Amino acid sequence: MRFSRFFNDTPFAIATLDSAGRVVRTNAPFGRIFHWSGEEESVEQQPLRDLIGEGSREKLDKAIAAAMARQSEVEPVDALLSAAGDHAVRLYISASESSADSPEQVNVYALDMTDQRKLEAQFAQSQKMQAVGQLAGGVAHDFNNLLTAIIGFSDLLLLKHKPGDPSFNELMQIKQNANRAAGLTRQLLAFSRRQTLRPQVLELPLIVDDLTVLLKRMIGEKNHLSVEHGRNIWPVRADVVQLEQVIINLVVNARDAMPDGGSITVRTSNITEAEAASLRFDGLVPADYVLIDVEDTGTGMSPEVLQKIFEPFFTTKELGKGTGLGLSTVYGIVKQTEGFIYPVSVLGEGTTFKIFLPRYVPTEAELTAKIAAATAPAKDLTGNERILLVEDEESVRAFSARALRTTGYKVYEAEGGDEAIEVLEEIDYKVDLVISDVVMPEMDGPTLLKHIREKMPDLKVIFVSGYAEESVRRDISDDQSVDFLPKPYSLDQINSKVKEVLRRIDKPE
């Protein structure tokens, strides 16, 4: 009895096999692990190879043969249970002591590895996503430098070519397309979690229309995309980058659900509180919403899949074809926006994702502020202060220097931290403001800041970067106030920021 209790309470599943590889005897854990499918028939007298997936059967046969040949060390066999592909075991195999009156020839010890395999897969996936995120962030950072120059020089040319000038429309096209490209880099930075995300009041039809060209390119020629907007769609308050990411992810998922091609429809409509109350969606609070439907004519999803689709790392795609993070990201963004998302799917007919975003109703104070901003006199952006501009990208430095000189500032230039220190020494540290890039070779922005603070502890500093303000501030071990200007920036944005910082009166501590 003591041995039986010890034998059945072990965390290992134990079984003995005969010379043909059939199960002779098992302990209780073996029955639990290999019985998990709910079948009541005994696993005994069944060939062990029939209980595991086909991919591991050949290796198991070799391991049993090695044990039968009395080899001292037999390599463990990792296998999936044949009843379902997500239950994993590791099989340790050794020879059994032979007995004339017993058919038992091989001992098998099985350890349930399901949870560990899931953790390993999640860890590997997170490492891959981190690497992809770093790559995306680096590409976006470099691209933001180029866009800063394109947008900036367009602004400088627009100062000379007013509306009515033959070149005005072409210049506006250059600037507008550069701003669209800046939106793409924002998506890359959001993916790499290096983007400052800020909610704002949005008109959903405009957001969807701006994405249409990109979406058509992403879904390919064999799929058809149509966009339908309801009348007088209410505004919503959300982060434009996050919202674009939601629509892109859902459209890409719809494309993948139609391997032979099909149609995707993106709709926007208003849902009143009464209409929301009549809908049978769990957890949907009756209120005014703007509804986004993303509908496809794809393969559809079973109820079992629908229950798991928002779980991180869950994917129905084959290995290497999906991360399992797209829909969990979509779910998180919608929830952060205080919205709701529900999938409606029929196998063989298609799927519709319904996103309910709260209607935005401005307060009286916000309306007053908007009217005041519209009627406010034009800002005076001119000045005569001395500014040191530190930027390793020549085109960005050239535009920024011209933008500041155009409004009256005395500008000194440096292409890196070391040269900036030399310039400061030459002018005897007589500057009112330093504008510096963050990421530069040899001496970066935060290191330059430490040197400047030694001589000029109260100097105003503006950091410019293609990365998020939060990630920049983590790299600054400085308790002084440092302002931030994200790339890409326009002529008006850099001049407004400089004016704001220079005119600010620091409060005594």
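Description of the structure in this document. Because the structure is predicted, anything quoted here is derived from the model rather than measured.

On to the pairing of strand β11 (residues 340-346). Where β11 lies against strand β12 (residues 350-358), 7 bridges are found, and the strand directions are antiparallel. For Phe340, the partnering residue across the bridge sits in β12 and is Phe356. Linking β11 back to β12 in an antiparallel pair, the connection comprises 3 residues, with Gly348 at a positive phi of about 85 degrees.

With that out of the way, let us pick up the nonpolar core. Within the largest apolar cluster, 41 residues are counted, with the highest numbers of intra-cluster contacts made by Leu250, Val251, Ile264, Ile292, Phe353 and Ile355. With 10 residues, helix α7 (residues 240-256) is the single largest residue contributor to this core. Those residues in contact with Ile264, other than ones at most four positions away along the chain, are Ile219, His224, Leu225, Ser226, Val251, Ala254, Arg255, Met258, Val294, Glu295 and Asp296. Counting 26 residues, the second-largest nonpolar core is a separate cluster that includes Val43, Ala63, Ile64 and Val106.

A few words now on the sheet that holds strand β16 (residues 460-465). Strand order in the open sheet formed by 5 strands is β14-β13-β15-β16-β17, and the pairing between neighbours is parallel. For this open sheet the edge positions go to β14 (410-414) and β17 (483-486), each flanked by a neighbour on one side alone. Direction aside, the axes of adjacent strands within the sheet are offset by 20 degrees on average. In terms of strand pairing, strand β13 (residues 386-390) meets strand β15 (residues 433-437) through 4 bridges, oriented parallel. Following the sheet pairing, Leu389 is matched in β15 by Ile435. Each of β13, β14 and β15 touches helix α12 (residues 394-406); the most contacted strand, β14, lies at about 170 degrees to it. Strands in contact with helix α14 (residues 445-455) are β13, β15 and β16; relative to β16, the strand with the most contacts, it is inclined by about 175 degrees.

Going through the model one piece at a time under the given rule, you end up with 11 aromatic pairs. It is Arg359 that lies over the ring of Trp234; its NZ or CZ is 4.1 Å from the centre.

For the rest of this paragraph, the subject is α12. With 13 residues, α12 extends 18 Å between its outermost C-alpha atoms, agreeing within 8% with the 18 Å of an ideal straight helix rising 1.5 Å per residue. Along α12, the residues classified as buried are Val396, Arg397, Phe399, Ser400, Ala401, Ala403 and Leu404. Of the residues flanking the end of α12, it is Gly408, one or two places downstream, whose phi is positive at about 105 degrees.

Cut-offs and rules
- Residues numbered from 1 in each chain as written.
- Predicted model: local features only at pLDDT ≥ 70, side-chain atom pairs only at ≥ 80, totals over all residues.
- Heavy atoms only, no water.
- Pairing = 2+ DSSP bridges.
- Helix = DSSP H or I, 4+ residues; strand = E, 2+ residues; numbered from the N terminus.
- Core = buried A, V, L, I, M, F, W, Y, C linked by side-chain atoms within 4.5 Å.
- Buried < 20%, exposed > 50% of the residue type's maximum accessible area, 1.4 Å probe, protein only.
- Contact = heavy atoms within 4.5 Å.
- Axes fitted to C-alpha atoms, helices over the stretch in contact; angles between N-to-C directions.
- Phe/Tyr/Trp six-rings, centres within 6.5 Å; stacked < 30°, edge-to-face > 60°.
- Lys NZ or Arg CZ within 6 Å of the ring centre and 35° of its normal.
- Expected span 1.5 Å × (residues − 1).

Bear in mind that shape data such as this cannot, by itself, settle questions of function.
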